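Observations on chain architecture
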Amino acid sequence: MDTPSLLTEPEGKTLEFKRDLSSPRHILRTTVAFANSAGGSIVVGVEDGSRNVRGIDEPLDDEERLANILSDGISPRLAPDIEIVPWRATHLLIVTVFPGPARPYHLKAEGPDEGVYVRVGSTNRRADATLIAELARSARGESYDEQPFTEADVSGVDLPRTAALFEGIRPIRERDLTTLRLVTGHQGKHVPTVGGILLFGRDRDVHFPDAEVRAARF
């Protein structure tokens with residue numbers, strides 16, 4: 001841990017300073033936000049405005065207290081690295097939070113619907129239902145495009161148009177739509193995926209009127 005460099009950086013998406021442990025709710029929110037986003041570090045013992053290093057008086061006691069706060073206040077259970085770092089005549093606590101594999105994480109006191117936070121710039125923002133669902137899909141390794149689209153049946157995917165795209169490469173039959181992830185199983189039946197409708201949907205403009213393709217060349 002390069003502490004001198006860390007103390008010169010401004011608070012941002014992956015860094016936050018805390019003067020002490022007097023506001024555990026703020027530390028919990030930041031930890032949850034880091035775990036649900038790109039990870040980050042919390043430095044305890046530094047004023048967040050002036051970045052004046054105050055240090056901590058009882059490093060071992062504060063380390064244990066902080067470990068208990070994080071263990072008891074977050075669900076699913078999260079185990080960030082907590083390190084006591086000597087700094088001149090005092091000590092700092094540095095909490096390193098990694099992007100969590102069990103997202104979305106939430107504050108137990110606020111529940112799974114209201115207690116999910118993400119990091120936006122140097123702030124913690126409460127996630128809405130759509131973002132919570134996206135975090136869960138990301139943790140499962142699923143993309144939005146592969147989610148079932150229940151507002152249409154299999155006939156909503158234009159098979160002739162799909163086959164035309166693969167002409168000269170391979171023949172496309174209806175059963176191949178599942179292999180291409182244009183169709184998926186849902187509650188005992190087959191329905192299009194979101195990607196299936198976006199790419200080959202008969203009523204794509206009805207279901208996704210704002211969808212567009214943008215390309216950039218660098």
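These notes cover the structure that comes with them. Remember, it's a predicted structure, so these values are computed and weren't measured experimentally.

Conventions we followed
By convention here, each chain's residues receive numbers from 1 onward along its written sequence. The model is predicted, so local features are restricted to residues of pLDDT at least 70 and side-chain atom pairs to those at 80 or more, both for listing and for counting; the totals for chains, interfaces and linings are taken over all residues. Neither water nor hydrogens contribute to the side-chain values; these are computed over all heavy atoms in the structure. Helix and strand assignments follow DSSP, with helices taken as H or I runs no shorter than four residues and strands as E runs no shorter than two, numbered in order from the N terminus. Throughout, exposure labels follow a simple rule: accessible area from a 1.4 Å probe, protein chains only, divided by the maximum for the residue type, with under 20% read as buried, over 50% as exposed, and the rest as partly exposed. Contact definition: two residues touch when any of their heavy atoms are within 4.5 Å. Here, any two strands with at least 2 DSSP bridges between them count as paired.

**Observations regarding the overall build of the protein**
In terms of regular secondary structure, the protein is built from nine helices and ten strands. Over its C-alpha atoms, taken along the principal directions, the protein stretches across nearly 75 × 40 × 30 Å. Within the protein, buried positions represent 40% of all 218 residues. Pairs at least 24 apart in sequence give 64% of the contacts found in the protein among residues at least 6 apart.

**Section: the pairing of strand E9 (residues 183–186)**
Inspection of the sheet shows E9 paired to strand E10 (residues 189–192) by four bridges, in the antiparallel sense. Bridging from a neighbouring strand, Gly185 pairs with His190 of E10. Hairpin connection of E9 to E10: two residues between the antiparallel strands, including Gln187 at a positive phi of 50°.

**Topic: the environment of Pro112**
If you trace the backbone, Pro112 turns up in helix H4 (residues 111–114). Remark: the alpha-carbon pair of Pro112 and Ile132, spanning 20 residues in sequence, is separated by 8.9 Å. Not counting chain neighbours up to four residues away, the residues in contact with Pro112 comprise His106 and Ile132.

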